[in-house]
Amino acid sequence: MNEPNAPATFQLPEQMSTVAGDVDWLYYFIYWLSVVLFVLIVGAMVYWAYIYRERPGHKAVPTGHNLTLEVAWTIAPLFVLAFLFHKGFQGYLDLSVAPANAMEVRVNAKQWSWEFIYPNGGSSDKLHVPVHKPVKLVMASGDVIHSFFVPALRVKRDVVPGMYTSLWFEATHTGKDDIFCAEYCGGRSQGPNGELPYNPSDNPEDPFPAGQATGHWAMHSRVYVESQEDFDKFLKSVGDPCEQYLSASQKCPAQVASAQGEKLYTSKGCVACHTTNGTRLVGPSWKGIWNKDESTDKGTIKVDENYVRESILDPQAKVVTGYTPTMPTFRGQISDAELDEVIAYIRSLKD
Ligand code: CUA
């Protein structure tokens, strides 16, 4: 894949990810196609309106209907549209499917801040990523719909309560860009005394410190693309909770979540139908099931966050082939936080 590295132009921000080149190519193709067609069509219209206008010695006569012409300009755009659909769909798929070796970062959005949780369990309110490494964001919202948007990376995706959405990117050079919320998510435009919707900070690097925003417009963060060494240093600086906790003979947050999940596995009664050692009971064993391609009555699916969530809340939606759909729903009996913990536990049950 080529690695676009173009600076900002009049129309578009700088290119900072592997997909930026393709996205921009399609954007400019549609843009210039529109410009050329506009000039040709409006130009011809103005020109003919002028030379065939009614004037002394010349009567304006309507030309009537021309079937060949009508058919031609109906069919011709179909080819252009088919081409645009093809390019657009291809780009959509490239953007949708993260490479298998992507580093996973959990994103929690809420009114009005972003939280990023790294593979080592450390978290920050700014996103740090290594350059030349695919990064997959698995995003959830604690309240309303938000939208994660980084212009220079050319990625944007809604963050929706009650489900997980994800996107991925690979940064092509070190640098930084803004993270915006691109979905109106409430808040005041002004305080009662006309004050700004946030407490502005003097630090230009951090105009909207986390927890200070009081509205959608200030739900801002930054992404820092760093060299692998700088990124490793950053990870240490947010604390490697696993190391810290282990030295205090406690468990790190990732392990705590999975330990909580293990408790839920018993207390919610999952244990009655699902084993964790690979043997079969009423339902599939949880061992080694994470990220597996399973065949179900609705086709092949990947066991990911959304499938596990759906299977707990709506067990009959996609039943693994060879099993009877007897599981009751847990809707209303399990919270979003508990779902996260059950998922953490299932993830920990490797083959
Ligand atoms: Cu969150 Cu707008």
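Keep in mind that what you see is a predicted model, and the values were worked out from it rather than measured.

About the thresholds
Numbers given for residues are sequential positions, taken from 1 along each chain in its written order. Where local features are concerned, this predicted model is filtered to residues with pLDDT of at least 70; where side-chain atom pairs are given and counted, the filter is 80 or more; whole-chain, interface and lining totals use all residues. To obtain the side-chain values, all non-hydrogen atoms of the structure were used and water was disregarded. The helix count covers DSSP runs of H or I at least four residues long, the strand count covers runs of E at least two residues long, and both are numbered beginning at the N terminus. Here a polar contact is taken to be a pair of N or O atoms separated by no more than 3.5 Å, where protein atoms must pair a possible hydrogen donor with a possible acceptor and residues adjacent in sequence count only if both atoms sit in side chains. Two strands pair if DSSP finds at least two bridges between them. Every residue carries a pLDDT, the predictor's confidence in it, which falls somewhere between 0 and 100. Whenever a helix is involved, its axis is fitted only over the stretch in contact; in every case the axis is a line through C-alpha atoms, and angles between N-to-C directions fall within 0 to 180 degrees. Note on definitions: a residue-residue contact is assigned when non-hydrogen atoms from the two residues lie within 4.5 Å. Relative accessible area decides the class of each residue, using a 1.4 Å probe on protein chains only: under 20% of the type maximum gives buried, over 50% gives exposed, and in between gives partly exposed. Remark: nonpolar core denotes a set of buried residues (Ala, Val, Leu, Ile, Met, Phe, Trp, Tyr, Cys) joined through side-chain atoms within 4.5 Å. Small angles under 35 degrees read as roughly parallel and large ones over 145 as roughly antiparallel, with 65 to 115 read as roughly perpendicular and the rest as oblique. Each crossing gets its hand from how the near helix is turned against the far one by less than a right angle, where anticlockwise is left-handed and clockwise is right-handed. Classes in brief: Ala, Val, Leu, Ile, Met, Phe, Trp, Tyr, Cys and Pro nonpolar; Asp, Glu, Lys and Arg charged; the others, Gly included, polar. A helix's residues, less one, multiplied by 1.5 Å, set its expected span. A patch consists of residues whose relative accessible area exceeds 30% and which take part in no salt bridge; residues with like charges are grouped when within 9 Å of each other, and nonpolar side chains (Val, Leu, Ile, Met, Phe, Trp, Tyr) when within 5 Å. The Shrake-Rupley method, run with a 1.4 Å probe sphere, supplies the accessible areas, and residue values consider only the shown protein chains as cover. In what follows, salt bridge is the name for a side-chain nitrogen of Lys or Arg lying within 4 Å of a carboxyl oxygen of Asp or Glu. Centre distance within 6.5 Å is the pairing criterion for rings of Phe, Tyr and Trp, where only the six-membered ring of Trp is used; planes under 30 degrees apart are then read as stacked, over 60 as edge-to-face, and the remainder as tilted.

In this section: the side chain of threonine 275. Considering the arrangement of structural elements, one finds threonine 275 in the loop between helix H5 (253–267) and strand S11 (293–296). Here asparagine 277 takes part through its side chain, which lies 3.3 Å from a polar atom of the side chain of threonine 275. At a separation of 2.9 Å, a polar atom in the side chain of threonine 275 contacts the side chain of serine 285.

As a further point, take the pairing of strand S9 (residues 175–181). Bridge count between strand S6 (residues 146–150) and S9: two bridges; the pairing is antiparallel. Across the sheet, the residue bridging to phenylalanine 149 is phenylalanine 180, located in S9. In this sheet, strand S10 (residues 221–226) lies alongside S9 in antiparallel orientation, the contact comprising five bridges. Within S10, the position partnered with glycine 175 by the bridge is valine 225.

Let us now look at the confidence of the model for the protein. Atom-level detail of predicted coordinates should not be read off regions where pLDDT is low. For the protein, mean pLDDT is 86; residues scoring 70 or higher make up 87% of the total. No element of the protein has a lower mean pLDDT than helix H4 (residues 241–247), which averages 53, and none a higher one than S6, which averages 96.

Taken together, five strands build an open sheet; the order of strands is S4-S10-S9-S6-S7 and the sheet is mixed. Each edge of the open sheet is held by one strand with a lone partner, namely strand S4 (127–130) and strand S7 (155–159). Going across the sheet, the axis of each strand differs from the next one's by a mean of 20°, ignoring polarity. Contacts from helix H3 (residues 228–237) reach S4 and S10, with the element oriented near 140° to S4.

Another aspect to go through is unusual backbone geometry. Between glutamine 111 and tryptophan 112 the backbone carries a cis peptide bond, its omega angle lying at -5°. The topology assignment puts tryptophan 112 in the loop between strand S1 (103–110) and strand S2 (113–117). In this structure, histidine 132 takes a positive phi of about 60° despite not being glycine. Here histidine 132 falls in the partly exposed class, since its relative accessible area comes to 43%. Unlike most non-glycine residues, arginine 154 shows phi in positive territory, near 60°. For arginine 154, the location among the structural elements is in the loop between S6 and S7.

It is worth spelling out the nonpolar core at this point. Counting residues in each nonpolar core, the largest one holds 32 residues, and the members touching the most others are Trp114, Phe116, Leu127, Leu137, Phe148 and Phe169. It is S1 that provides the largest number of residues to this core, a total of four residues. With residues up to four places along the chain from it excluded, the contact list for leucine 127 reads Val105, Phe116, Tyr118, Leu137, Phe148, Phe169, Ile179, Ser221, Arg222, Val223 and Tyr224. Trp286, Val320, Ile334 and Ile343 belong to the second-largest nonpolar core, a separate cluster that totals 24 residues.

Let us now look at the packing of helix H1 (residues 20–51) against helix H2 (residues 67–96). Two numbers describe how H1 lies on H2: the axes approach to 11 Å, and their chain directions differ by 160°. Taken together, the axis directions place H1 and H2 in an arrangement best described as roughly antiparallel. With respect to the hand of their crossing, H1 and H2 are arranged in left-handed fashion. Within the contact between the two elements, H1 uses Trp25, Leu26, Phe29, Ile30 and Leu33 and H2 uses Val80, Phe83, Leu84, Lys87 and Gly88. For the contact of H1 with H2, the class distribution of residues is eight nonpolar, one polar and one charged.

In this section: H1. Counted at 1.5 Å a residue, the expected span for H1 with its 32 residues is 46 Å, and the 46 Å between its end C-alpha atoms agrees. Turning to H1, its buried residues are Ala20, Gly21, Asp24 and Leu26. The elements touched by buried residues of H1 are H2.

A word on a nonpolar patch on the surface. The grouping of Leu67, Val71, Ile75, Leu78, Phe79 and Leu81 at the surface amounts to a nonpolar patch, some 630 Å² of accessible area in total. For leucine 67, the location among the structural elements is in helix H2.

Before going further, it helps to spend a moment on the packing of aromatic side chains. Aromatic rings considered in pairs are described by the distance between their centres and by the relative angle of their planes. All told, the structure shown has 18 aromatic pairs when counted by the stated rule. Seen from their ring centres, tryptophan 25 and phenylalanine 29 are 5.3 Å apart, and the 15° between their planes marks the pair as stacked. Taken together, the residues span about one helical turn, with tryptophan 25 and phenylalanine 29 both in helix H1 at a distance of four residues. Since its relative accessible area comes to 41%, tryptophan 25 is described here as partly exposed.

The next thing to look at is the sheet that holds strand S5 (residues 134–141). The strand order across the open sheet built from five strands is S3-S2-S1-S5-S8, with neighbouring strands paired in mixed fashion. Both outer strands of the open sheet, strand S3 (123–124) and strand S8 (165–170), are each paired with one neighbouring strand and no more. Strand direction decides the pairing type here: S5 and S8, joined by six bridges, are antiparallel. Across the sheet, valine 135 pairs through a bridge with phenylalanine 169, a residue of S8.

This paragraph deals with the pairing of S4. Both faces of S4 are covered, namely the face carrying Leu127 and Val129 and the face carrying His128 and Pro130. Bridge analysis of S4 against S10 gives four bridges, and the strand direction is parallel. Paired with leucine 127 across the two strands is valine 223, which belongs to S10.

We now examine H2. Taking 1.5 Å as the rise per residue, H2 with 30 residues should run 44 Å; its terminal C-alpha atoms sit 43 Å apart, in good agreement. Sitting at the head of H2, asparagine 66 places a side-chain oxygen 3.2 Å from the backbone nitrogen of threonine 68.

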